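Structural overview
Below are the chains, spelled out letter by letter.
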Amino acid sequence: MKNKSSEASEVVILERCWVVEFRSKTDVSIILKFQSGEPDLYIEAASKTDCEAWAVALGEANSEGLRNKIQQLRRLIMEIKEERASDEARQFLPSSQVDSLGEPQFTSIQRIANEPKLEFSLACKGLVAATRDRKLNTFIQVSVVHPAEHILTRYSSTEIVEGTRDPLFLTGVTFPPEYPIYEETKIKLTVYDVKDKSQDTVRTSVLPDHKEPRADVGRSFLGCATFRVGDLVKSKEQQLTLTLRTSDGGKTVGTIEVNLVKMGEFEDGEMDHITTDAQDQKCALVRECTAPEGLSGKDNLPSLNAVLKNPICKLYRFPTSDNKWMRIREQMAETTLSFHVPKELINLHIKEDMRRNQELKDLGELAPHWDNMRKSVIAHCDQMLSMYQDTLAELGKHTGSSFKSSCSKGEKTLEFIPINLHLQRMHVHSPRLKDALYDVITVGAPAAHFQGFKNGGLRKLLSKFEAERRNTGYQCIYYSPENTAKAKEVLSNINHLQPLISSHADLLLNSASQHSPDSLKNSLKMLSEKTELFVHAFKDQLVRSALLALYTARPGCVLKKPAVPRSSAEESDDLKHQDHPSQIRRQDSIPHHSEYDEEEWDRVWANVGKSLNCVIAMVDRLLEKDNSSKTKEGESDPSAADCKVLHAGGDWYEQLYPLVITLKDCMGEVVTRAKQSMAFVLLQELACGLPQCLMLTLRRDIVFSQALAGLVCGFIIKLHTSLHDQGFLQQLHTVGLLVQYEGLLSTYSEEAGMLEDMAVGISDLQKVMFKVIEAKSEDFLPIITGRREHYVIEVQLPAKMFELLPQEIKEGKLLRMYPVLFNVGINEQQTLAERFGDTTLQENINQENLELLKEYYNLFTEKMPPDCLPHFQEQNDLKGLLENLHQNIQAKRRKNVEIMWLAATICRKLNGVRFTCCKSAKDRTSMSVTLEQCSILRDEHQLHKDFFIRALDCMRREGCRIENVLKNVKCRKYAFNMIQLMAFPKYYRPPEGTYGKADT
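Rules used throughout
- Residues numbered from 1 in each chain as written.
- Predicted model: local features only at pLDDT ≥ 70, side-chain atom pairs only at ≥ 80, totals over all residues.
- Heavy atoms only, no water.
- Helix = DSSP H or I, 4+ residues; strand = E, 2+ residues; numbered from the N terminus.
- Buried < 20%, exposed > 50% of the residue type's maximum accessible area, 1.4 Å probe, protein only.
- Contact = heavy atoms within 4.5 Å.
- Areas by Shrake-Rupley, 256 points an atom, 1.4 Å probe, with all protein chains shown as cover.
- Core = buried A, V, L, I, M, F, W, Y, C linked by side-chain atoms within 4.5 Å.
- Domains from an automatic or database assignment.
- Pairing = 2+ DSSP bridges.
- Phe/Tyr/Trp six-rings, centres within 6.5 Å; stacked < 30°, edge-to-face > 60°.
- Lys NZ or Arg CZ within 6 Å of the ring centre and 35° of its normal.
- Disulfide = S-S within 2.5 Å.
- Axes fitted to C-alpha atoms, helices over the stretch in contact; angles between N-to-C directions.
- Parallel < 35°, antiparallel > 145°, perpendicular 65-115°, else oblique.
- Left-handed = near helix turned anticlockwise from the far one by under 90°.
- Nonpolar A, V, L, I, M, F, W, Y, C, P; charged D, E, K, R; others polar.
- Salt bridge = Lys/Arg side-chain N within 4 Å of Asp/Glu carboxyl O.
- Patch = residues over 30% accessible without salt bridge, like charges linked within 9 Å, V, L, I, M, F, W, Y side chains within 5 Å.
- Polar contact = N/O pair within 3.5 Å; in protein donor to acceptor, adjacent residues only side chain to side chain.
- pLDDT = per-residue confidence, 0-100.

Notes on the overall build of the protein
When helices and strands are tallied, the protein shows 28 helices and 26 strands. Per-residue burial for the protein yields a buried fraction of 54% across its 1000 residues. Put simply, of all contacts in the protein between residues at least 6 apart along the chain, 76% involve residues at least 24 apart. Here the protein has roughly 44800 Å² of accessible surface; of this, 50% comes from carbon and sulfur atoms.

Quick look at the structure:
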């Protein structure tokens, strides 16, 4: 050390020392402390800036600091760009980037269609601990390096294996079909020792991959190894043994074994035995696998890819009770139906409401009281219509992810979209059992979160509204919900049948002009069938009473004493004997200022049938004459016969034309009157509860939209996976499809309102019908038709798949749905409800849906042959399960989760579709589906009993559900705290270190 103008006075060796810098704003000094115990060296700088610069320079001057910097640079050779962990974890590269990466110089990996590109399992041997006495708790972090970009992307991790230096990891690594991975791709495996699982926050937080975690975050770096994908794929034994080295590449700390997994292939019974000294880890890794029939075929790829997006895959291997390995592939995918179905529904709502508004305007002249009421209703309806149109426009602008995160459940523009809708799938391959698939649709409870739950949910609001509507007094006429629904049905039938009848009538005239007897008969048959349906649609007292009510609402109405009503036998007698249009009395429109004759509607309505009889009689006469003339003309000159045929063709058209026009006129008159009367009924419904009625309709539409999107997804997935199951297909068109919802909502505070919304939304699904059609283009998305309370979902299949269906389904038979909901609250709020609140809502819902489930079971046993179920699903088992479920519901025990287990088991045995729901399908749902998966492995696939909890922890810590949490809240933490979990049933608690404070 020296002054500016003097020689050096002292030499300081900057080794084995550290710098202490004072952090106060005024202090400009630093201290050098030495490990050797020599006296501290005090240095004072000219300014605070100089002081900080000296501190950095002195800290980096020693050789140890330089050595650390060299080690870090070695680790960063391949890590040119940083990517944050929250964006990297299990997310695919953008399509544009994938296209640019998929250049010819990279070698693609050969794979089976619809199967993951690459899967491998991991194990370590001979790991070296920092101290001899320490027992290692290790996990492996997997990162991917693309050959072109040299970007190190953190991909996945294994579970933590405790207390062994030879860990065998149950969680494998899988790359789905869409992932851009090639033979030149490198994979980096980094082994960490976890000191405290509860403090292992780095794996759940944002950390660039090239940075090693600090020692105080609960884990320490042991070693790493890197391999080329091509080396693993082409290796003779399909296995690599890699040396684990420290970050500087010097010290060896053990080995790591990478075993290629091929679930979709059969390998003649080859086996690899991986054994360790750790307790409970001695098992054989069996490589023989067969893909389930119909699951790996490329024919079902286009239609499934149109529905499922962004799959996430996880691979596990668990020991069976006979010390064999079973392989489990867990998959999760979002669906484009999350947005497609709501947009289709809203579009139908807009058309339906525009049609209704026009029908209200077409009511004609009304008395001042009713006219003012109509104006008010139309004004409110126009506002709601505008809101639907704005919502549809906003959804049309949506781009990016095809799911709605739990953080967005309160957004108004997304209120029709289901929350966090995903397919959760488990594919199991056991050594001695047939491969099996288990699907669960996970979705947030269908509920109107933006509107809130201050006054409860739909179940309570609808009941309260109906009670208030009965007491509206003189202001409007009360019609029951059944009559209102009937009015909507009549209007729907009119709008559907009138154009069909008109079309068939034109075809009849066309056949007459062509003098085609066969075509004439067919056209008449279709015309008769549709007209009879049309006439039958008005055989209801509601139309007659509504016409009278409408007449009384006209200005200056006068009622005439009604005549004695005629019997239906007399009416039908009129239909038979009326055979000429001159005998039909035409009626004007409903009189406004003259006396009203209540029999007038009967005559107008009967005229349609009479005019149809006239058409039928004329066709019969024409065909009869044609047959007799052909017999006579066959004996005379052929050329003369041809001339007569041409002349007769003109006669047919001329004789039928006035009769067909009369039929159309009579039908038009009925349509005008019926439309006005039914529109008047709807006016009463709307007027009696403005604006609550429209707000309830909106809320119900929102809830139904969310529920329907999930149902359509579940139906399509079930259909695709069961195309080769003839028993299921027969059950589908003979009985219908059971759809079982598992609810985990509490009956306390806002969640009680959510449960009320959910119960009504799921119940409304009973009115939905499905139809399977052959796709005529590459667009396989479902088509929705119909109106509120009567929707038909047309599911499109490619031609090869469509041919596998039974004839009944191919001919367009409508397929019924049987939705049932069982709810058991499991969180701390349910504890409050059970001790200080009310649980009758949950009890009533479970009891009501138990009856619906029994009804479906009875239909099933009546209509299906006894051998339709697999051999292990005997009917006695189902009876016992139903009785057990009945007893558990009657018992009314607190947090009786056995209700959900029994309902799920019954659903699977009846080939149903399973749903699991909580508020956001993120935390409680994750606990439930992972428990269900492990229970299935234990009960159906002989999972070793000692590995049940470990398998459960694997799926919850490193499985698809923790990735679902990350997708929703950008954090790998279930939103639980310790106090909340104390109230949870034992098997619904996540493993230590996977929960904490997080937004839900």
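Read on, since the account is not over.
Observations concerning unusual backbone geometry
Leucine 690 connects to proline 691 through a cis peptide bond whose omega is -5 degrees. Take proline 691: it is sitting in the loop between helix H15 (638-687) and helix H16 (692-721). Here the phi dihedral of serine 749 falls at roughly 60 degrees; this positive angle occurs in a residue that is not glycine. Mapped onto the elements, serine 749 comes out in the loop between strand E21 (737-743) and helix H18 (750-764). Look at asparagine 911: it is not a glycine, yet its phi comes out positive at around 60 degrees. Mapped onto the elements, asparagine 911 comes out in the loop between helix H24 (898-909) and strand E26 (913-917).

Section: the nonpolar core
Ranked by internal contacts, the top residues of the largest apolar core, which has 86 residues, are Phe534, Phe538, Leu656 and Met678. In terms of residue count, H15 provides more of this core than any other element does, 18 residues in total. Taken domain by domain, this core gets at least three of its residues from each of domain 3 (334-370 + 382-472 + 692-988) and domain 4 (476-557 + 602-624 + 653-688). If we skip the residues at most four places from it in the chain, phenylalanine 538 touches Val490, Ile494, Val543, Trp601, Trp605, Val670 and Ala674. Formed by 63 residues, the second largest nonpolar core is a distinct cluster that contains Phe318, Cys918, Cys934 and Ile936.

Re the pairing of strand E23 (residues 783-787)
Regular strands have side chains that alternate between both faces of the sheet. The pairing of E23 with strand E24 (residues 790-797) spans five bridges and is classified as antiparallel. Across the sheet, residue isoleucine 783 finds its bridge partner in E24, namely glutamate 794. Between E23 and the antiparallel strand that follows it, E24, lie two residues; glutamate 789 among them carries a positive phi value of about 70 degrees.

Section: the packing of aromatic side chains
Pairs of aromatic rings are described using the distance from one ring centre to the other and the angle between the two planes. This model, assessed by the stated rule, comprises 18 aromatic pairs. Ring centres of tyrosine 155 and tyrosine 179 lie 5.2 Å apart, and the angle between their planes is 80 degrees; this geometry places the pair in the edge-to-face category. Highlighted residues: tyrosine 155 in strand E6 (residues 152-157) and tyrosine 179 in the loop between strand E8 (171-175) and strand E9 (186-194), separated in sequence by 24 residues. Here tyrosine 155 matches tyrosine 179 in class, with each residue buried. Measuring from centroid to centroid gives 6.4 Å for tyrosine 974 and phenylalanine 976, while their planes differ by 25 degrees, and the two rings are stacked. For tyrosine 974, a relative accessible area of 0% corresponds to the buried category. Site record: aromatic cluster; members linked through ring pairs are Phe120, Tyr155, Phe175, Tyr179 and Phe227. If you follow lysine 117 out to its NZ or CZ, it ends over the ring of tyrosine 182, 5.9 Å from the centre. In this structure, lysine 718 is placed above the aromatic ring of phenylalanine 728, and the distance from its NZ or CZ to the ring centre is 5.2 Å.

Some words on the state of the cysteines
Evaluated as defined, the whole model comprises one disulfide. One disulfide in the model links cysteine 476 with cysteine 688; its S-S distance is 2.1 Å. Across the S-S bond linking cysteine 476 and cysteine 688, the dihedral sits near 130 degrees, which makes this disulfide right-handed. A residue pair is termed long-range when its members are at least 10 positions apart, and cysteine 476 in the loop between helix H9 (458-470) and helix H10 (481-513) and cysteine 688 in the loop between H15 and H16 qualify at 212 residues. What makes cysteine 688 buried here is its relative accessible area of 13%. Between cysteine 313, a cysteine without a disulfide, and cysteine 960, which holds the nearest cysteine sulfur, the sulfur-to-sulfur distance is 6.9 Å.

With respect to the packing of H10 against helix H11 (residues 517-537)
Where H10 contacts H11, the two axes come as close as 9 Å, and the packing angle between them is 160 degrees. Comparing their axes, H11 and H10 come out roughly antiparallel. The chirality of how H10 crosses H11 is left-handed. Within the contact between the two elements, H10 uses Val490, Asn493, Leu497, Leu500, Ile501, His504, Ala505, Leu507, Leu508, Ser511 and Ala512 and H11 uses Ser519, Leu520, Ser523, Leu524, Met526, Leu527, Lys530, Thr531, Leu533, Phe534 and Ala537. Of the residues belonging to the contact of H10 with H11, the class tally is 15 nonpolar, six polar and one charged.

Re helix H26 (residues 948-958)
Taking burial as the measure, the 11 residues of H26 include eight buried ones, the bulk of the element. Every buried residue of H26 is listed here: Phe948, Ala951, Leu952, Cys954, Met955, Arg956, Arg957 and Glu958.

Quick notes on the pairing of E8
For E8, a buried count of five out of five residues is recorded, marking the element as mostly surrounded by other parts of the structure. Of the two faces of E8, both are covered, the one formed by Thr171, Val173 and Phe175 as well as the one formed by Gly172 and Thr174. Across two bridges, the pairing between E8 and strand E15 (residues 308-319) is antiparallel. Bridge pairing links glycine 172 to leucine 315 in E15.

Observations regarding the packing of H16 against H18
Between H16 and H18, the shortest axis-to-axis distance is 9 Å and the interhelical angle comes to 70 degrees. The angle between H16 and H18 falls in the class roughly perpendicular. Two packed elements cross with a definite hand, and for H16 against H18 that hand is right-handed. Mapping the contact onto sequence places Arg699, Arg700, Val703, Phe704 and Ala707 in H16 and Asp757, Val760, Gly761 and Asp764 in H18. Residues of the contact of H16 with H18, tallied by class, amount to four nonpolar, one polar and four charged.

Notes on the pattern of salt bridges
Evaluated as defined, the whole model comprises 32 salt bridges. Linking lysine 967 and glutamate 334 is a salt bridge whose minimum nitrogen-to-oxygen distance equals 2.5 Å. Of this pair, lysine 967 sits in helix H27 (residues 960-969) while glutamate 334 is found in strand E16 (residues 325-335), placing the two residues 633 residues apart along the sequence. No difference in accessibility class separates lysine 967 from glutamate 334, as the two residues are buried. It is possible to trace a salt-bridge network through shared partners that takes in Glu352, Asp353, Arg356, Asp701 and Arg788.

Considering a nonpolar patch on the surface
Judged by side-chain polarity, Tyr748, Leu832 and Phe836 come together as a nonpolar surface patch covering roughly 320 Å² of accessible area. The residue tyrosine 748 is located in the loop between E21 and H18 in this model.

Regarding the side chain of serine 121
Here serine 121 shows up in strand E4 (residues 118-125). Reaching out from serine 121, the side chain makes a polar contact with the side chain of arginine 317 at a distance of 3.4 Å.

Structural notes on the environment of phenylalanine 680
Relative to the assigned elements, phenylalanine 680 resides in helix H15. Spatially, the C-alpha atom of phenylalanine 680 lies 9.5 Å from that of alanine 553, the residues being 127 residues apart in sequence. Residues in contact with phenylalanine 680, not counting those within four places in the same chain, are Leu363, Trp370, Ile477, Ala546, Ala549, Leu550 and Ala553.

Details of the confidence of the model for the protein
Parts of the prediction with low pLDDT should not have their coordinates interpreted in detail. Considering every residue of the protein, the mean pLDDT works out to 82; 80% of them sit at 70 or more. Here residues 561-594 is a poorly scored stretch, pLDDT under 50, and it has 57 contacts once near neighbours within four places are set aside; other chains count. The low-confidence segment residues 638-649, where pLDDT is below 50, has seven contacts with residues more than four positions distant or belonging to other chains.

Points about the environment of leucine 421
Here leucine 421 is to be found in the loop between helix H8 (368-396) and strand E17 (422-429). Assessed through its relative accessible area of 0%, leucine 421 is described here as buried. Linking leucine 421 and cysteine 917, residues 496 residues apart in sequence, is a C-alpha distance of 9.7 Å. Those residues in contact with leucine 421 that lie beyond four places of it in its chain are Ala333, Glu334, Thr335, Ser338, Phe403, Ile441, Thr442, Val443, Ala709 and Gly710.

As for the environment of glutamate 52
Positionally, glutamate 52 belongs in helix H1 (residues 48-61). Taking the C-alpha atoms as reference points, glutamate 52 and serine 29, separated by 23 residues in sequence, lie 9.1 Å from one another.

Describing the side chain of serine 523
When you line up the elements, serine 523 lands in helix H11. Residue classification places serine 523 among the buried positions, given a relative accessible area of 10%. In this view, serine 523 contacts Leu507, Leu508 and Ser511; residues no more than four positions away in its chain are not counted.

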